[in-house]
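# Working through the structure, step by step
Here is how the chains run, residue by residue.
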2 protein chains.
Amino acid sequence: MRVRVELWPRGPYPDVAVLVDVLRASTSIGLLLARGAREVWVTGSLRAAREFPADLRLAEREGLPPEGFHHGTSPVELLRLPAAGLRVVYTSENLPRALDLTRGARAVFLAGLRNARAAAGAAARAARQEVAVVAVGHRGREALDDVLGAGFLAKKLLRSLPGAEPDDGARIAASLLRAFPDPQEALWQSASGRLLRSLGQAEDLAQASLIARDPAAPRLAGLERHRGRTLYRFVADEPD
Amino acid sequence: MRVRVELWPRGPYPDVAVLVDVLRASTSIGLLLARGAREVWVTGSLRAAREFPADLRLAEREGLPPEGFHHGTSPVELLRLPAAGLRVVYTSENLPRALDLTRGARAVFLAGLRNARAAAGAAARAARQEVAVVAVGHRGREALDDVLGAGFLAKKLLRSLPGAEPDDGARIAASLLRAFPDPQEALWQSASGRLLRSLGQAEDLAQASLIARDPAAPRLAGLERHRGRTLYRFVADEPD
């Protein structure tokens, strides 16, 4: 078994891919499913998200939900919302590009810090040859929060898969854990974290840095095309 | 001024790009120019390298020079060769892909650990808006030795350019310096280092990990097409 980490998404992923977008898609979607949401559909298009049938529409631009959306995508806000049984549509700036690279993967999961344990377990159960842990990045660049999260995942996977060998990406990501013993410090320094702090959403960083809080590993369970845009469906992975 | 680090080459680079391939192209080419080579032409094609007019032809496959080449590309071997005044052609597996992404850059340098100080100085003098430090990678993956080298460069640049801001890539690369206080340990663990060790070339790692030994920053000074392949010409950068 191989455990490799991509510090920037390239693909392809022939076996299992775990996408890490700590601030904030992996965190918020994991949290929604942990709180009982039936499914979360992910898209990069505000228009597709507006038109797609859903109980709860989430998007954020400059800290606010655009017209036609119920709420933003802050995990702090989502912790307060009723989610049980809902069909949610979630608009993400960075995640869709990485999702587009997962065609051909046998299984795809999302992981943040809050659901790292659940995601590592789900990925280890699903994998046959390799788990590719993918740091999603932020606005066309590598993201410190995502590479740190990928380091957590890689470390958990290497512990749970006997004989698994890390690649250089996994070594680099895991060494960030030594450089940042407090993960919240890495989130604080990251470009995503700076942006959220500038928007008055510093509390998101505290929520996103809680380790292994949420039991749900979001698992890709299908996709749909809507007016030329792809929407990806995530559900909570159920251990066999 | 911005200092950014790409952990994996993507481009474009509108201003200054510094390509880091510690094991071994940046190290060996810097060493050849420091020892007085007139110019070093870089290509990925054995055939183009064989046919291109040169005094010294360097390439390596599985630890040995292929037919038609004078020597391999080991810095240990190159330290022993006379290089002064020579026109050298150097075959590299990983560097050409990154070089192909530098079209449009105002200036391009190569940097390893041995010539990090010279390369950081040359890049700082040439830059107007940003220096992009690019970890070249190894066989389609991020490389631990190159990301560590990029961290060295970024740290030197951030010190010498007052007010320069690091991006997340620079923060990640620089944090490797804390995780690996002895750079040779990172080279030892890296996939490139493992490959060289398996070929009996462990001494290359010691030579490549010497900090700021060589005074020459290889600077891209032109290119030529030969039978559909590009050869890139490097010369020693001369401070104004």
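The written sequence of each chain sets the order in which its residues are numbered from 1. Here chains are named by letter from A upward and ligands by number from 1 upward, in the order in which they appear as written. Only residues with pLDDT of at least 70 are given local features in this predicted model, and only at 80 or more are side-chain atom pairs given and counted; all residues enter the totals for whole chains, interfaces and linings.

On average, residues of chain A score 96 in pLDDT, and 99% of them are at 70 or above. Two summary scores accompany this predicted model of the complex, namely pTM at 0.96 and ipTM at 0.94. Summary of the metric used: pLDDT quantifies the predictor's per-residue confidence within the range 0 to 100.

Right, let's get into the environment of Ser92 of chain A. Residue and element names in this part refer to chain A. By the criteria applied, helices consist of DSSP H or I runs no shorter than four residues and strands consist of E runs no shorter than two, each listed in order from the N terminus. Tracing the backbone shows Ser92 in the loop between strand 5 (87-91) and helix 4 (95-100). Comment: burial labels come from other C-beta atoms within 10 Å of the residue's own C-beta, placed from the backbone, where a count of 20 or more is buried, 12 or fewer is exposed, and between is partly exposed. Residue class for Ser92 comes out buried when judged on the 25 C-beta atoms lying within 10 Å of it. When the C-alpha atoms of Ser92 and Ala122 are compared, they prove to be 23 Å apart, with 30 residues separating the residues in sequence.

All names here are of chain B. When you line up the elements, Glu67 lands in the loop between strand 4 (56-58) and helix 3 (75-78). We classify Glu67 as exposed; it has 8 C-beta atoms within 10 Å. Sequence separation of Glu67 and Ala123 is 56 residues, and the distance between their C-alpha atoms is 37 Å.

Turning our attention to the interface of chain A and chain B. Each residue is represented by a C-beta atom placed from its backbone, and any two residues with such atoms within 7 Å are regarded as in contact. Across the boundary between the two partners, chain A contributes 19 residues, which contact 19 residues of chain B. Only helix 6 (144-160) and helix 7 (168-179) of chain A provide two or more residues apiece to the side of chain A that touches chain B. When residues in the side of chain A that touches chain B are grouped by element, the largest group, eight residues, is from helix 7 of chain A. Gly falls in the polar group here, along with every residue not listed as nonpolar (Ala, Val, Leu, Ile, Met, Phe, Trp, Tyr, Cys, Pro) or charged (Asp, Glu, Lys, Arg). For the side of chain A that touches chain B, the per-class residue count stands at nine nonpolar, four polar and six charged.

Turning our attention to the relation of the copies chain A and chain B. We superpose the copies by least squares over the C-alpha atoms of residues that have a pLDDT of at least 70 in both of them. The two copies are related by a screw operation: chain A maps onto chain B through 180 degrees of rotation and 0.0 Å of translation along the axis, at an RMSD of 0.0 Å. Taken together, the rotation and translation relating the two chain copies correspond to the operation of a two-fold axis. Distance from the rotation axis, computed per C-alpha, reaches its smallest value in chain A at Ala179 of chain A: 3.1 Å. Mapped onto chain B, 100% of the interface residues of chain A again fall at the interface, so both copies present the same surface.

The end-to-end C-alpha distance of helix 6 of chain A is 25 Å, a good match for the 24 Å that 17 residues give at a rise of 1.5 Å each. Most of helix 6 of chain A sits out of view: 13 of its 17 residues are buried. By definition here, a helix of n residues has an expected span of 1.5 Å times n minus one.

Of the consecutive residues Gly11 of chain B and Pro12 of chain B, the connecting peptide bond is found in the cis state with omega at -10 degrees. Note that Pro12 of chain B resides in the loop between strand 1 (2-6) and strand 2 (16-20). A cis geometry characterises the amide bond from Leu23 of chain B onward to Arg24 of chain B, with omega recorded as 10 degrees. The residue Glu62 of chain A is not glycine, and still its phi comes out positive at about 55 degrees. Examined against the element boundaries, Glu62 of chain A turns out to sit in the loop between strand 4 (56-58) and helix 3 (75-78).

Attention now goes to the packing of helix 7 of chain A against helix 7 (residues 168-179) of chain B. Where helix 7 of chain A contacts helix 7 of chain B, the two axes come as close as 9 Å, and the packing angle between them is 70 degrees. By the criterion of interaxial angle, the relationship of helix 7 of chain A to helix 7 of chain B is roughly perpendicular. Read as a crossing pair, helix 7 of chain A and helix 7 of chain B show a hand that is left-handed. On the side of helix 7 of chain A, the interface is formed by Ile172, Ser175, Leu176, Arg178 and Ala179 of chain A, while helix 7 of chain B contributes Ile172, Ser175, Leu176, Arg178 and Ala179 of chain B. A per-class count over the contact of helix 7 of chain A with helix 7 of chain B returns six nonpolar, two polar and two charged. A fitted line through C-alpha atoms serves as each axis, taken over the contacting stretch for helices, and the angle formed by two N-to-C directions is quoted from 0 to 180°. To sort the angles, those under 35 degrees are grouped as roughly parallel, those over 145 as roughly antiparallel, those from 65 to 115 as roughly perpendicular, and the leftovers as oblique. Crossings are assigned a handedness: left-handed for a near helix turned anticlockwise from the far helix by less than a right angle, right-handed for a clockwise turn.

So, about the pairing of strand 10 (residues 229-236) of chain B. Residues in a regular strand project their side chains so that they alternate between the two faces of the sheet. All names here are of chain B. In this description, strands pair whenever DSSP reports at least two bridges between them. The sheet contact formed by strand 3 (residues 39-43) and strand 10 spans three bridges and is antiparallel. Opposite Val40, over in strand 10, you have Phe234 as the bridge partner. When strand 9 (residues 218-226) meets strand 10, the two strands line up antiparallel, connected through seven bridges. Bridged to Leu223 within strand 10 is Tyr232.

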